[in-house]
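Report on the structure
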Amino acid sequence: MSTSIENNPKEKVHIFCVDHRPEGWDNPAGLATIGVGKCRRPGILYDNEGENISELNLHLNEATAIYWIWKHPEVRQSEYVGFCHYRRFLEFHPVRNRRAYAASGLWFKYLHVANEKALAKACIKPKDAEKLLKKRPIDGILSVGWAWTIDLPLMSRMIRSKSATEKWIHRLVELLKINGENAYAQFAEEALLNRADVAFCNTFLVKSELFDRMCKALYPSLIRLTEEWLQDPSEKEIPREPGYLSEYFTGMYWIWLEETGQAKFLRAQILQLSDKGHGLWYADFKRFVYRFFPDWLINVLFIRGRKKW
């Protein structure tokens, strides 16, 4: 197995960065990179060794890496396990008030950073997380709960944004019920119709036992759904539909745990490395003032001006 951390002693936090690009890069935050799809560079983890669903990566996105880490606990001998993307990371400054921060998701979804150096300073790293977790009795850190509009529930948003179709959304809920996850399936079914926020992007840091529990609850149904989706003869409207569904339903799983008193989380904004170096707050309505902020001002206001925790 191509891993440099396989035999490491147990640590408190492991955060994995998923990268699908053939050329890839060693992420500036010093996280453990796991290659999926065409990313097969020397010295990193691969999601196609041992028990894996790597062949489904084209349709399941980073979910194949999450599955692989679940099935290979020897590479995450830690109390907490986290995931991010090669261009999406959790900010190092979580917030306490989930509801207030979810409301801000109406306007602000990502903090774009102009370069890798700024990203390395602003994103959460294992040592940062360890300091925080020692101070606060929490079960993890999630991405901010997105809320696009007050009256647009998740299912409507998924369909409108072409993330998923109603047919396969309902089928995943049905499979969850068949596999015995009735309480979570019922929560997801109601959330899809009645709420607008979700911990999104498969970007999270949670206790290892909760991670295992989520994977066990969701992945049998998700893999079955992907197989049915591939075998379905009808034209596919959304090429990566199972992957988008994995993001929404994973995020809803964390919220279900929290709102049923089974876990306690903080929220953090998502940092996105911008290919064009915008260095701006991305907003749904781009006419607002933040899109015109220069990179240096963004760095002063939102990166260098912050103190960790």
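In the block above lies the structure referred to throughout.
Cut-off values and rules
Residues numbered from 1 in each chain as written. Predicted model: local features only at pLDDT ≥ 70, side-chain atom pairs only at ≥ 80, totals over all residues. Heavy atoms only, no water. Phe/Tyr/Trp six-rings, centres within 6.5 Å; stacked < 30°, edge-to-face > 60°. Helix = DSSP H or I, 4+ residues; strand = E, 2+ residues; numbered from the N terminus. Buried < 20%, exposed > 50% of the residue type's maximum accessible area, 1.4 Å probe, protein only. Lys NZ or Arg CZ within 6 Å of the ring centre and 35° of its normal. Expected span 1.5 Å × (residues − 1). Arc of directions from axis to C-beta. Contact = heavy atoms within 4.5 Å. Salt bridge = Lys/Arg side-chain N within 4 Å of Asp/Glu carboxyl O. Axes fitted to C-alpha atoms, helices over the stretch in contact; angles between N-to-C directions. Parallel < 35°, antiparallel > 145°, perpendicular 65-115°, else oblique. Left-handed = near helix turned anticlockwise from the far one by under 90°. Nonpolar A, V, L, I, M, F, W, Y, C, P; charged D, E, K, R; others polar. Pairing = 2+ DSSP bridges.

On inspection of all chains with the given rule, the structure shows 13 aromatic pairs. Arranged with centres 5.0 Å apart and planes meeting at 70°, the rings of Tyr184 and Tyr253 form a pair that is edge-to-face. One end of the pair, Tyr184, is in helix 8 (residues 182–194); the other, Tyr253, is in helix 10 (residues 241–259), with 69 residues separating them in the sequence. Here the two residues Tyr184 and Tyr253 agree in accessibility, since each one is buried. Three or more aromatic residues joined by ring pairs make a cluster, and in this case those are Phe16, Phe83, Tyr184, Phe204, Phe211, Tyr253, Trp254, Trp256 and Phe265. Looking at Lys71, its charged tip hangs above the ring of Trp70, at a distance of 4.1 Å from the centre. In this structure, Lys236 is placed above the aromatic ring of Trp229, and the distance from its NZ or CZ to the ring centre is 5.4 Å.

With 13 residues, helix 8 should reach 18 Å at 1.5 Å per residue; the first-to-last C-alpha distance of 18 Å fits that figure. Every buried residue of helix 8 is accounted for by Tyr184, Ala185, Phe187, Ala188, Ala191 and Leu192. Projected down its long axis, helix 8 carries its buried residues within an arc of 160°, all on one side. Away from its buried face, by an angle of more than 90 degrees, helix 8 presents the exposed residues Leu193 and Asn194. Summarising the contacts, the buried residues of helix 8 are in contact with helix 6 (154–160), helix 7 (166–178) and helix 10.

In total, this model carries 14 salt bridges according to the counting rule given. A salt bridge links Asp19 to Arg21; the nearest nitrogen and oxygen atoms lie 3.0 Å apart. Taking the relative accessible area as the measure of exposure, Asp19 reaches 1% and is therefore buried. Here Arg21 falls in the buried class, since its relative accessible area comes to 17%. Notably, a salt bridge pairs Arg76 with Asp212, separated by 2.5 Å at the nearest N-O pair. Taken together, the positions of Arg76 in the loop between helix 2 (63–71) and strand 4 (78–85) and Asp212 in helix 9 (residues 208–231) put the pair 136 residues apart, joining distant regions of the chain. Arg76 gets classed as buried once you look at its relative accessible area, which sits at 5%. Given a relative accessible area of 26%, Asp212 falls into the partly exposed group.

We now examine the packing of helix 9 against helix 10. Two elements in contact, helix 9 and helix 10, have axes whose closest approach is 10 Å; the angle formed by their N-to-C orientations is 150°. In terms of orientation, helix 9 and helix 10 fall into the roughly antiparallel class. When the axes of helix 9 and helix 10 are compared, the crossing they make is right-handed. Contact with helix 9, carried on its side by Leu210, Phe211, Arg213, Met214, Ala217, Leu218, Leu222, Leu225, Thr226 and Trp229, involves Glu241, Pro242, Leu245, Ser246, Phe249, Thr250, Tyr253, Trp254, Trp256 and Leu257 of helix 10 and no other residues of that element. Partitioned by chemical class, the residues of the contact of helix 9 with helix 10 number 15 nonpolar, three polar and two charged.

Turning next to the sheet that holds strand 3 (residues 45–46). The strands that make up a sheet pair up through hydrogen bonds in the backbone, lying either parallel or antiparallel. Within the open sheet, the seven strands sit side by side as 3-2-1-4-8-7-9. Their pairing is mixed. Strand pairing shows two members of the sheet lacking a second neighbour, strand 3 and strand 9 (265–268), which therefore form its edges. With four bridges joining them, strand 1 (residues 11–19) and strand 2 (residues 32–35) adopt parallel strand pairing. The partner of Val18 across the bridge, within strand 2, is Ile34. The sheet strands contacting helix 2 are strand 1, strand 2, strand 3, strand 4 and strand 8 (204–207), and the helix crosses strand 4 at an angle near 165°. Together, strand 1, strand 4, strand 7 (140–143), strand 8 and strand 9 form the strand contacts of helix 5 (residues 126–135), whose direction differs from that of strand 1 by roughly 140°.

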